[in-house]
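# Structural overview for review
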Amino acid sequence: MITIAKIHTDFPEKFGIPRQSGLVPSLRGTIVFEPEFRNADALRGLEDFSHIWLLWEFSKAIRREWSPTVRPPRLGGNRRMGVFATRSPFRPNPIGLSLVKLEGIALQGKNGPEIYVSGADILDGTPIYDIKPYLPFADCCPEATGGFAEDVRERQLTVNCSQGLWQQIPEKHRQTVMDILAQDPRPSYQHDSERIYGMDYGDMEIRFTVDGDILTVREIAFKEV
């Protein structure tokens, strides 16, 4: 397949990325087209839609061999399910699918046109294969069932962050960072309350511990530019 664009987000690493799109609506992403696809005519009419589908590559999970079963993290990493019954990145073809909100389109500019989205669960620099509009009358199925995933819906952690650390976070990122941490970025099989985890977001490394349902921010370090 041909890469038509790349998405730029504040996630330089996989750890911390929400496990599904839309779980943290405030997450922002910018889709920049490859030079040969920078044609405003290709986006004509897209501005009338509220949401779009992104078809993309799990560029950090490419393997030569595939397995018919995987261990979903939300099942504790010790229960195997069929790869086609999961959204695991380890697939015969490492293709991801995300539904994001269309926040705007900039037709002009150095790299225009660009698409601005929110709710993206995607690593910075991820190749985009295709973009399609979300159609509520066709894509929404209210009677759908969620299989085993219904039993392991995302639980929310309570996030404790001191006033001093809170003020270190740039104001525009504060609520987003708290929402990401509340999703519990850790693998489900890790329960060491003494372990310090580190999550990269933008130019920050946020270090935290988790004890039960309480996540405590311990330190915020800024990377040198």
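Everything discussed here concerns the structure shown above.
Residues numbered from 1 in each chain as written. Predicted model: local features only at pLDDT ≥ 70, side-chain atom pairs only at ≥ 80, totals over all residues. Heavy atoms only, no water.

## With respect to the overall build of the protein
- The number of helices and strands found in the protein is three helices and twelve strands.
- Evaluated residue by residue, the protein yields a buried proportion of 39% over its 225 residues.
- Counted over contacts in the protein with a minimum sequence separation of 6, partners at least 24 positions apart contribute 68%.
- When the accessible surface of the protein is totalled, it reaches about 13,200 Å², and 49% of it is carbon and sulfur.
- Where the 27 positive side-chain charges of the protein centre and where its 31 negative ones centre are 4 Å apart. (Helix = DSSP H or I, 4+ residues; strand = E, 2+ residues; numbered from the N terminus. Buried < 20%, exposed > 50% of the residue type's maximum accessible area, 1.4 Å probe, protein only. Contact = heavy atoms within 4.5 Å. Areas by Shrake-Rupley, 256 points an atom, 1.4 Å probe, with all protein chains shown as cover. Lys, Arg positive; Asp, Glu negative; His and termini not counted. Charge placed at Lys NZ, Arg CZ, Asp CG, Glu CD.)

## As for the pattern of salt bridges
- Summed over the entire model, instances satisfying the criterion amount to six salt bridges.
- Between R207 and E205 there is a salt bridge, and its shortest N-O distance comes to 2.9 Å.
- Residue R207 is classed as partly exposed on the basis of its relative accessible area of 24%.
- Here the residues in one salt-bridge network are E205, R207 and E219, joined through shared partners. (Salt bridge = Lys/Arg side-chain N within 4 Å of Asp/Glu carboxyl O.)

## Focus: the sheet that holds strand β11 (residues 204-211)
- If you trace the four strands from one edge of the open sheet to the other, you get β9-β12-β11-β10, paired in mixed fashion. Two strands close off the open sheet at either side, each with one partner strand: β9 (158-160) and β10 (197-201). On average, each strand axis in the sheet is tilted by 35° relative to the strand beside it, whichever way the strands run.
- Pairing between β9 and strand β12 (residues 214-222): three bridges, direction parallel. The partner of N160 across the bridge, within β12, is T216.
- Packed onto the sheet, helix α3 (residues 174-182) meets β9, β10, β11 and β12 and runs at close to 140° relative to β10. (Pairing = 2+ DSSP bridges. Axes fitted to C-alpha atoms, helices over the stretch in contact; angles between N-to-C directions.)

## Description of the pairing of β11
- Where β10 meets β11, five bridges bridge the pair, whose relative direction is antiparallel. Paired with Y201 across the bridge in β11 is M204.
- Counted along the chain from β10 to the antiparallel partner β11, the turn is two residues long, and its residue G202 has a positive phi close to 60°.
- Note: β11 against β12, eight bridges, orientation antiparallel.

## Focus on the environment of T145
- Looking at the secondary structure, you find T145 in the loop between α1 (136-139) and β9.
- Given a relative accessible area of 76%, T145 falls into the exposed group.
- Sequence separation between T145 and I214 is 69 residues, and the spatial gap between their C-alpha atoms is 30 Å.

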